[in-house]
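# Descriptive structure summary
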Amino acid sequence: MQNQGNLSLAAFDWWQLHRLLLFALVTMAIWVLGAVSIGFNTWTGQMPVLWLPNAFVIAALIQTDRKDFAGLVLAHATGVFLGNAVWGTAFWLSIGFVLVNAAEVGIAAYVMRRLLVIDRPHETEQSYLAFALLATLPDVLLTASAGGLLIEQAYGVPFWTAYASWIVGDSISLIGFVPLFLLVRRNGLPAHTLIKRRQVLAALALLGFTFLILQAAAVSGSDVEVFHVVVPFLAISALVMGPTGTIIASGLLAPVIAASSRLTGQAIYDPGLENDGLKALAFGVLWFSAVIPSNLISVMVERLRIAEQTQRDISTMKTKFMSTISHEIRTPMNAIHGMFELFHRSAQSEKQTSWAKAGLSASSIMQVQVTQLLQMARLEENVVVTAKIEVDLAETVAMWKTAAQATLLAHDKNVGVTTAVAKEAPEKPVLDLARVNQIMINLLSNAAKFSTGGTITIGADVVGDDLRLWVADQGIGLRKGDQKKVFGRYWRSERLTANHGPSTGLGLSISQDIATQIGGTLRVESTYGEGSTFTLSLPLVTI
C-alpha cells in the first residue's frame, strides 16, 4: 500500500511539474510575442499593426482541453504584463492592458469555440466570414472602447484616435494571425509537405517582392500607392498559393508595409487626413478590402481543387474496380458461354434448343458488356497502345460489310447492307486498324440493333485533310436532345432500351474515346424516325 502511495505521489508530482513547465513556456512565449509586438510598433512610429499575444492564446484556447483554460489565461495575463513591463509601461496601466486583452481573448475564444464552433476558419467561405465578421470584429469593437479610455487617461491621446487605432491594430492582428497560429498548432510547421513548403516559400517571396516595390517606389518618387501593390499581391496569393500561403501573406502583410514605411519615412495611410483616427481607419479599410476577399477566394479555390482531386481519385478507384471485377467475371462467363454452346450442339429436342439459344444470347450480351467495361477501364488508365499500318481500304470495308450481315442474320433482321467508297478515297491509307475496327464494328452493331428495315450503308470519302468513315442506317433515329447525350458514359435512352434490349451505355462513349486517342473525331447526324449517320474522321495519312 505504501509503495502504491509513493507511486501515486510520484505520478502526481510529475504531472504537476509537467504543467508548471508548460505554463512557464507559454508565459515566456507570450512575453516574447508581446515584447516583439510593442517593440515593432514603437520602431515603426505609426499606428500599431502588430499584437501577437492575443492571436496566439485565442488559437490555443480553441484547440486545447478545457482543463488547461485556467493555465492559459493566467499565462496570457502574466506574459502581457511582462511584455509591457519590458518597455517601461506603468504598473497600473499594464494591469489595465492585461484586463482588456484578457476580455478580448476570452470573448473571441468563447464565440469561436462555443457559439460558432469554428476551429478552422479557412474550411469554408461561411466559416471564414463568421470568424472575421462575427467572432473578431464585434469583439474588438467592444474591447477597444476600454483600451481607448486607458490610452486617453495615460497619454492624453484623444479617445477617438486611440479607439480607432486599437480597432484597426487588433483586428489586423487577430484576423491575420489567429488562422496562422491555428494552422501551426494543428499541422506543426506548415512545411510538413512539399506543397505546403512551396506555398510558404511563395508567400515569403511575394512579401519580399512587395517590400522591394514599396521601397523602390519611395526612392524613385513614384506615385505608386500601397493599394496598387497590396490588391494584386493578395489576388496572386489567393489564386496560386492556396489557404496556407494566403494565411501567411495576410498575417505578415501589414507589418511588411509598416516596416517599409518606417524605412522610407512615408506614412502607411493617407497623410492628407485630418487626424490619426481617420488615418488608422483609412488603412484598416484598405487592409480589410484586400485581405478578406483574397482569403475567401483562396478558400473557394482550395475547395474546387479538393473536389477535383476527389473526383479524380473516385474515377481512378472506379476504373480499377471495374477492371478487376470485369477480369474476374470474364473467366466464368466464358465458361458459361462454352457450356451453353455444348448444350446447344447436344440438344435433343426443340425445347432444349430454345433453352440453349436463350442461354447463349444472354451470355453473349454479358460478354459484350464485360468487354466494354474492360475497354473503358483501359482507356481511362491510358494503357491503349496504338499501332498504325497500311491497310487495303476496299478489303477493310468489305470485311465490315460481312460483319454487319452476320450480325443482322444472327438477329433474323431483313436489313440490307451496302458500301459507298468515294473515288477520291485512298486505296491504302495508314490506320490504327485494331482501334478503327473497334469503332466501326460498334457503330455497325448499333445500326443493326436499331434498324428494323431499310439499308445500312458503310462509306468512305475524303473531306479536306481527313479520311471519313461512316455508317448510315434507316432506323429509328435520335431526337435532337438525345444527339447531345448519345456519347455520354452510361447514357441509355429508356425508349430505345425498352424496345431494343439492354445496354451498358458505354459503346459510343468508348468509341469516341478511342477516336480521340488516335487523333480523330466521332460525330452523329440524325433525323428522328428516318435514321442516323455516325462519322469517324481521321487525319489522312498515306505511304
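This structure is a prediction, so every number in the text was calculated from the model and none was measured. (Residues numbered from 1 in each chain as written. Predicted model: local features only at pLDDT ≥ 70, side-chain atom pairs only at ≥ 80, totals over all residues. Heavy atoms only, no water.)

## Considering the overall build of the protein chain
From N to C terminus, the protein chain includes 15 helices and 7 strands. Looking at the protein chain residue by residue over its 543 residues, the buried ones come to 43%. Within the protein chain, contacts between residues at least 6 apart in sequence are counted, and of these 73% link residues at least 24 apart. Accessible surface, the protein chain as shown: approximately 28000 Å² in total, 62% of it carbon and sulfur. (Helix = DSSP H or I, 4+ residues; strand = E, 2+ residues; numbered from the N terminus. Buried < 20%, exposed > 50% of the residue type's maximum accessible area, 1.4 Å probe, protein only. Contact = heavy atoms within 4.5 Å. Areas by Shrake-Rupley, 256 points an atom, 1.4 Å probe, with all protein chains shown as cover.)

## Quick look at the nonpolar core
The nonpolar side chains of a soluble globular protein tend to be buried, and buried together. Within the largest apolar cluster, 73 residues are counted, with the highest numbers of intra-cluster contacts made by Ile-58, Tyr-128, Phe-131, Phe-283 and Trp-287. Sequence-distant contacts of Ile-58, that is, excluding residues within four places in its chain, are made with Val-105, Ala-108, Met-112, Leu-174 and Val-178. (Core = buried A, V, L, I, M, F, W, Y, C linked by side-chain atoms within 4.5 Å.)

## A closer look at the packing of helix H11 (residues 393-410) against helix H12 (residues 433-449)
Two elements in contact, H11 and H12, have axes whose closest approach is 10 Å; the angle formed by their N-to-C orientations is 35°. The handedness of the crossing between H11 and H12 is right-handed. Contacts between H11 and H12 involve Thr-396, Met-399, Trp-400, Ala-403, Ala-404, Thr-407 and Leu-408 from the first element and Leu-433, Val-436, Asn-437, Met-440, Ile-441, Leu-444 and Ala-448 from the second. (Axes fitted to C-alpha atoms, helices over the stretch in contact; angles between N-to-C directions. Left-handed = near helix turned anticlockwise from the far one by under 90°.)

## A look at the sheet that holds strand S2 (residues 416-421)
Taken in spatial order, the 5 strands of this open sheet run S2-S4-S5-S7-S6, and their pairing is mixed. Only two strands of the sheet have a single partner each, and these edge strands are S2 and strand S6 (521-527). Put simply, the sheet's adjacent strands are angled 15° from each other on average, direction ignored. Pairing geometry for strand S5 (residues 466-472) and strand S7 (residues 531-539), over 7 bridges, is antiparallel. By the bridge assignment for S7, Asp-466 is matched with Pro-539. The sheet strands contacting helix H15 (residues 507-517) are S6 and S7, and the helix crosses S6 at an angle near 135°. (Pairing = 2+ DSSP bridges.)

## Structural notes on the pattern of salt bridges
Opposite charge on two side chains allows them to pair when their charged atoms are near. Enumeration according to the criterion identifies 4 salt bridges in this entry. Residues Arg-303 and Glu-125 are paired through a salt bridge, measuring 2.4 Å at the closest nitrogen-oxygen approach. With Arg-303 in helix H9 (residues 276-345) and Glu-125 in helix H5 (residues 125-155), this residue pair connects regions lying 178 residues apart in the sequence. A residue is classified by how much of its surface remains accessible, and Arg-303, at 40% relative accessible area, is partly exposed. Of the charged contacts, one joins Arg-523 and Glu-525 as a salt bridge, the two residues approaching to 2.7 Å between their closest N and O atoms. For Glu-525, a relative accessible area of 48% corresponds to the partly exposed category. (Salt bridge = Lys/Arg side-chain N within 4 Å of Asp/Glu carboxyl O.)

## Details of the pairing of strand S4 (residues 455-463)
Most of S4 sits inside the fold, with 7 of its 9 residues counted as buried. Alignment of S2 against S4, held across 6 bridges, turns out to be parallel. Residue pairing for S4: Val-421 is matched across the bridge by Ala-460. Bridge count for S4 against S5 is 7 bridges, and the pairing is antiparallel. Bridge pairing in S5 places Asp-461 opposite Arg-468. Counted between consecutive antiparallel strands, the loop separating S4 from S5 contains 2 residues, among which Gly-464 sits at a positive phi close to 65°.

## Focus on the side chain of Ser-127
You can see Ser-127 is positioned in helix H5. Classification of Ser-127 by relative accessible area gives buried; the value is 12%. Setting aside its immediate chain neighbours within four residues, Ser-127 contacts Ile-118, Arg-120, Pro-121 and His-122.

## Side note on the packing of aromatic side chains
Summed over the entire model, instances satisfying the criterion amount to 8 aromatic pairs. Judged by centre distance (5.5 Å) and plane angle (90°), the rings of Phe-56 and Phe-181 are edge-to-face. Within this pair, whereas Phe-56 is found in helix H2 (residues 52-63), its partner Phe-181 is found in helix H6 (residues 159-187), the two being separated by 125 residues in sequence. For Phe-56, a relative accessible area of 21% translates into the label partly exposed. Considering the side-chain rings of Phe-97 and Trp-166, the 6.1 Å spacing of their centres and the 40° angle between planes classify their relative orientation as tilted. Of the two residues, Phe-97 sits in helix H4 (residues 91-115) while Trp-166 sits in helix H6, which places them 69 residues apart along the sequence. Taken as a pair, Phe-97 and Trp-166 share a single burial class, namely buried. One cation-aromatic arrangement involves Arg-479 over Tyr-528; the distance from NZ or CZ to the ring centre is 4.5 Å. (Phe/Tyr/Trp six-rings, centres within 6.5 Å; stacked < 30°, edge-to-face > 60°. Lys NZ or Arg CZ within 6 Å of the ring centre and 35° of its normal.)

## Here we look at a nonpolar patch on the surface
On the surface, Met-28, Trp-31, Val-32, Val-36, Leu-82, Val-86 and Trp-87 cluster together to form a nonpolar patch covering roughly 630 Å² of accessible area. Secondary-structure elements contributing two or more residues to the nonpolar patch are helix H1 (2-44) and helix H3 (69-86). Top contributing element to the nonpolar patch by residue count: H1, with 4 residues. Among the secondary structure elements, Trp-31 is positioned in helix H1. (Patch = residues over 30% accessible without salt bridge, like charges linked within 9 Å, V, L, I, M, F, W, Y side chains within 5 Å.)

## Re the side chain of Ser-294
As for its placement among the helices and strands, Ser-294 is situated in helix H9. Separated by 2.8 Å, the side chain of Ser-294 and the backbone oxygen of Val-291 make a polar contact. (Polar contact = N/O pair within 3.5 Å; in protein donor to acceptor, adjacent residues only side chain to side chain.)

## Brief notes about the confidence of the model for the protein chain
Model confidence for the protein chain is summarised by a mean pLDDT of 78, while 77% of its residues fall at 70 or above. Confidence over residues 4-12 falls short of pLDDT 50; this stretch has 0 contacts with residues more than four positions distant or in other chains. (pLDDT = per-residue confidence, 0-100.)

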